[in-house]
Amino acid sequence: MTSAMEPTILTIFGSMGDLTWRKLAPALYNLLLAHQLPEHFAVIGLDMKDGSAGEFRLRLRDGASSFCECGPVDEKTWNGFAANLTYISGDFGDPATYAALRKQLDAQEKEWNIPANHVFYLAIPPAIVEPIVHKIGEARLAEDRQHVRIVVEKPFGHDLASAIALNGLLTAVFAERQIYRIDHYLGKETVQNILALRFANALFEPVWNQRYIDHVQITVAEQVGVEHRGAYYEHAGALRDMIQNHLMQILTLIAMEPMVSFDADEIRNKKVDVLRAIRPISTEQVQELAVRGQYGAGRMGDQNVPAYRSEPGVAGDSSAETFAAIKLSVDNWRWQGVPFYLRTGKRLKLKASEVTIQFQPVPHQSFPKTAVLAWQPNRLTIHIQPLEGIRLSLQAKQPGSSLHLSPVDMHFSYQEAFKSKSPEAYETLLADVMLGDATLFMRADQVEATWSALDPILQAWADQKPADFPNYPSGSWGPQAADTLIEKDGRSWLQPIPREDEQGDSSREST
Ligand code: BG6
């Protein structure tokens, strides 16, 4: 057991739902196996569904067994843990539910004979966040600023105005330091490693600026479609679902200034500085700087897959974008003139999340033309998933009597360097909430600054329905217009390397 962790009672609102089953159950079980739960730890499941503690335990156990990489749970280990799981069935809008919760919290503390931290985890749809936060406030369950924390899942609003309203609501009941807004990308090891790469090595920082960097590309490509989430996605779309949070958070880690210390607010201040420096896009510029797409039917591997408009819960004439690409500029000394190209989409050719920093060409080419036919600029690629590692592309002389240069790679792979498995994002984040470390969570001003950068695009897209949807087949790299977005600047997307070609050559220009 980790002694640094104080006694904790975790209350999961929406404890019978999908998120609890898929993500929280395996994360809790993995933390248990890794001895990273507090010595005094209990979970209260709270849900509208009729049910018993026994059913809640079975549901969690099923989630842990189904989604934990370790396979089915160990009977003995699980039974010890399950003894600390209780369940309250109640209407989220009914004060009696909160009275029952208080009773259970008090009873648990009495049993332990020590006060505990109370973590309220909202694993529920966004529409019911507001009533629950109100009721927690009315029941005076949030007043102990020191010991009560609330965990909120994305989406944090729908646009800037609704994000401000949501933050207003949360901060009316909780102090900002009690609020943990989850962006699960920040819990990924490879994303956290961006700070280590940049600031624990003296090598990169001197060239990490507009004098040496030509541009930055951030790609988060998915092969899955919207699956069973059509109804949610119809109101979200790729810009809100992925760019507003995951891709913008990656951008801030790449672009932020060095932090003075590893303190949550220090790091978050540096990130906010980047978001505030993003050049505002006017609605007139949206056409030039942003591209949207929607997948049509196509082939993924050897399977035919349906168009987005044929997915369950999706309108036959839907305008929701399943792909978005944008070009952003960061107006500060470090990044003046360096474009950041971001793209994400569903039903793309490969699942791959990565960042590429492309460096400028050498100032003077001293090799004969015949020697540099295959010349490529230096690139540093941070593979976030499923490849996990860092690749530096260099020029080298090909062996032989004639002088020919060709690109080669230096490659660091997590799997090879560290034999142990990386923790899942939710494990890291849950442990951090229990430790009271907010470094990897989004502060209100970060969320608002991100919406403020993207609002004009959302506005322009809402005002003008797309005429060409669906505009990319499933299994492709997205719409043609996304290629044009970058190619008109004389650059091209670097296509992720398939996993099986990990050791392959470094030629990745899009075709
Ligand atoms: C979620 C989005 O935040 O991230 C999903 O809502 C998306 O649409 C998912 O599929 C991707 O996460 P990961 O960890 O699989 O890359």
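Reference entry: report on the structure contained in this document. From a predicted model like this one, the values you see are computed outputs, not experimental measurements. (Residues numbered from 1 in each chain as written. Predicted model: local features only at pLDDT ≥ 70, side-chain atom pairs only at ≥ 80, totals over all residues. Heavy atoms only, no water.)

Bringing the overall build of the protein into the picture now. Scanning the protein from N- to C-terminus turns up 14 helices and 18 strands. The C-alpha atoms of the protein give a radius of gyration of 24 Å, which matches the 24 Å a tight globule of 511 residues would have. Looking at the 511 residues of the protein, the share that counts as buried comes to 54%. In the protein, 77% of the contacts between residues at least 6 apart in sequence involve partners at least 24 apart. As presented, the protein carries roughly 22,400 Å² of accessible surface, and 52% of it is formed by carbon and sulfur atoms. Each charge sign in the protein was given a centre, from 49 positive and 63 negative side chains, and these centres are 3 Å apart. (Helix = DSSP H or I, 4+ residues; strand = E, 2+ residues; numbered from the N terminus. Rg over C-alpha atoms; globule rule 2.2 N^0.38 Å. Buried < 20%, exposed > 50% of the residue type's maximum accessible area, 1.4 Å probe, protein only. Contact = heavy atoms within 4.5 Å. Areas by Shrake-Rupley, 256 points an atom, 1.4 Å probe, with all protein chains shown as cover. Lys, Arg positive; Asp, Glu negative; His and termini not counted. Charge placed at Lys NZ, Arg CZ, Asp CG, Glu CD.)

We now examine the site of the ligand. Around the ligand, the neighbouring residues are Lys-154, His-184, Tyr-185, Lys-188, Glu-222, Arg-229, Asp-241, Met-242, His-246, Lys-346, Lys-351 and Gln-385. Separating an oxygen atom of the ligand from a side-chain N or O atom of Lys-188 is a distance of 2.6 Å. Lys-346 places a polar side-chain atom, nitrogen or oxygen, 2.9 Å from an oxygen atom of the ligand. When the ligand sits alone it has 400 Å² of accessible area, and the protein chains cover 81% of it. Of the residues forming the shell around the ligand, the biggest block, three residues, is contributed by helix α8 (residues 230-255). Classifying every residue of the shell around the ligand by side-chain character gives two nonpolar, three polar and seven charged. (Near = heavy atom within 4 Å. Polar contact = N/O pair within 3.5 Å; in protein donor to acceptor, adjacent residues only side chain to side chain. Nonpolar A, V, L, I, M, F, W, Y, C, P; charged D, E, K, R; others polar.)

Inspection of the secondary structure assignment puts Lys-103 in helix α4 (residues 95-112). A relative accessible area of 65% means that Lys-103 is categorised as exposed. Here the alpha-carbon distance between Lys-103 and Asp-74, two residues 29 residues apart in the chain, equals 32 Å.

Turning our eyes to something else, we now look at the sheet that holds strand β5 (residues 148-153). Reading across from one edge, β3-β2-β1-β4-β5-β6 is the order of the six strands in this open sheet, with parallel pairing throughout. Each edge of the open sheet carries a strand with a single partner, namely β3 (85-89) and β6 (179-182). Direction aside, the axes of adjacent strands within the sheet are offset by 20 degrees on average. (Pairing = 2+ DSSP bridges. Axes fitted to C-alpha atoms, helices over the stretch in contact; angles between N-to-C directions.)

Our focus in this paragraph is the sheet that holds strand β8 (residues 290-293). Taken in spatial order, the eight strands of this open sheet run β8-β12-β13-β7-β14-β15-β16-β17, and their pairing is mixed. If you trace the sheet from one side to the other, it starts and ends with β8 and β17 (405-413), each paired once. In this sheet, adjacent strand axes meet at a mean angle of 15 degrees when their direction is disregarded. Pairing geometry for strand β15 (residues 379-385) and strand β16 (residues 389-397), over five bridges, is antiparallel. Among the inter-strand pairings, Arg-379 is bridged to a residue of β16, identified as Ser-393. Along the sheet face, helix α7 (residues 189-199) touches β15, β16 and β17 and points at about 145 degrees away from the line of β15.

The subject of this paragraph is the pattern of salt bridges. Following the criterion strictly, the structure yields 19 salt bridges and no others. For Glu-176, the salt bridge identified is with Arg-181, shortest N-O distance 2.8 Å. A relative accessible area of 24% places Glu-176 in the partly exposed class. Across the salt bridge formed by Arg-443 and Asp-265, the nearest N and O atoms sit 2.6 Å from each other. (Salt bridge = Lys/Arg side-chain N within 4 Å of Asp/Glu carboxyl O.)

Here the structure, examined in full by the defined rule, presents 20 aromatic pairs. Centroid distance Tyr-29 to Trp-78: 6.0 Å. Interplanar angle 55 degrees. Geometry classified as tilted. Remark: Trp-78 occurs in helix α3 (residues 75-82) and Tyr-29 occurs in helix α1 (residues 18-33); sequence separation between them is 49 residues. On the basis of relative accessible area, Tyr-29 is assigned to the buried category, the value being 2%. The interplanar angle of 50 degrees and the centroid separation of 5.8 Å between the aromatic rings of Tyr-414 and Phe-418 together place this pair among those described as tilted. Note on Phe-418: relative accessible area 46%, which makes it partly exposed. Among the aromatic residues, those joined into a cluster by ring pairs are Tyr-232, Tyr-233, Tyr-295, Tyr-308, Phe-323 and Tyr-472. The residue whose ring lies beneath Lys-188 is Tyr-185, and the NZ or CZ to ring-centre distance is 4.6 Å. (Phe/Tyr/Trp six-rings, centres within 6.5 Å; stacked < 30°, edge-to-face > 60°. Lys NZ or Arg CZ within 6 Å of the ring centre and 35° of its normal.)

Okay, the state of the cysteines next. What the rule picks out here adds up to one disulfide. One disulfide bridge connects Cys-68 with Cys-70, the sulfur atoms lying 2.4 Å from each other. Sign of the S-S torsion, about 115 degrees for the bond between Cys-68 and Cys-70, identifies this disulfide as right-handed. The class for Cys-70 is partly exposed, based on a relative accessible area of 42%. (Disulfide = S-S within 2.5 Å.)

It is the contact of helix α2 (residues 53-67) with α3, at a shortest axis distance of 11 Å, that shows an interaxial angle of 140 degrees. Taken as axis vectors, α2 and α3 run oblique relative to one another. For the element pair α2 and α3, the recorded crossing hand is right-handed. Taking contact as the criterion, the partners of Arg-57, Leu-60, Arg-61 and Ala-64 in α2 are, on α3, Glu-75, Trp-78, Asn-79 and Ala-82. Of the residues belonging to the contact of α2 with α3, the class tally is four nonpolar, one polar and three charged. (Parallel < 35°, antiparallel > 145°, perpendicular 65-115°, else oblique. Left-handed = near helix turned anticlockwise from the far one by under 90°.)

The end-to-end C-alpha distance of helix α9 (residues 264-277) is 20 Å, a good match for the 20 Å that 14 residues give at a rise of 1.5 Å each. Within α9, ten of the 14 residues are buried, which leaves the element mostly enclosed by the surrounding structure. By the burial criterion, the buried members of α9 are Ala-264, Glu-266, Ile-267, Arg-268, Lys-270, Lys-271, Val-272, Val-274, Leu-275 and Ala-277. Contacts from the buried residues of α9 go to α7, α8 and α13 (444-463). Two or three places before Asp-265, at the opening of α9, Asp-263 has a side-chain oxygen 3.2 Å from that residue's backbone nitrogen. (Expected span 1.5 Å × (residues − 1).)

Across residues other than glycine, the phi torsion is negative in most instances, and most of the peptide bonds are trans. With an omega of 5 degrees, the peptide bond between Lys-154 and Pro-155 qualifies as cis. For Pro-155, the position within the fold is in the loop between β5 and α6 (160-173). The amide bond that connects Phe-469 to the next residue, Pro-470, takes the cis arrangement and shows omega of -5 degrees. Mapped onto the secondary structure, Pro-470 falls in the loop between α13 and β18 (472-473). We note that Arg-140 has phi near 55 degrees; this positive angle belongs to a residue other than glycine.

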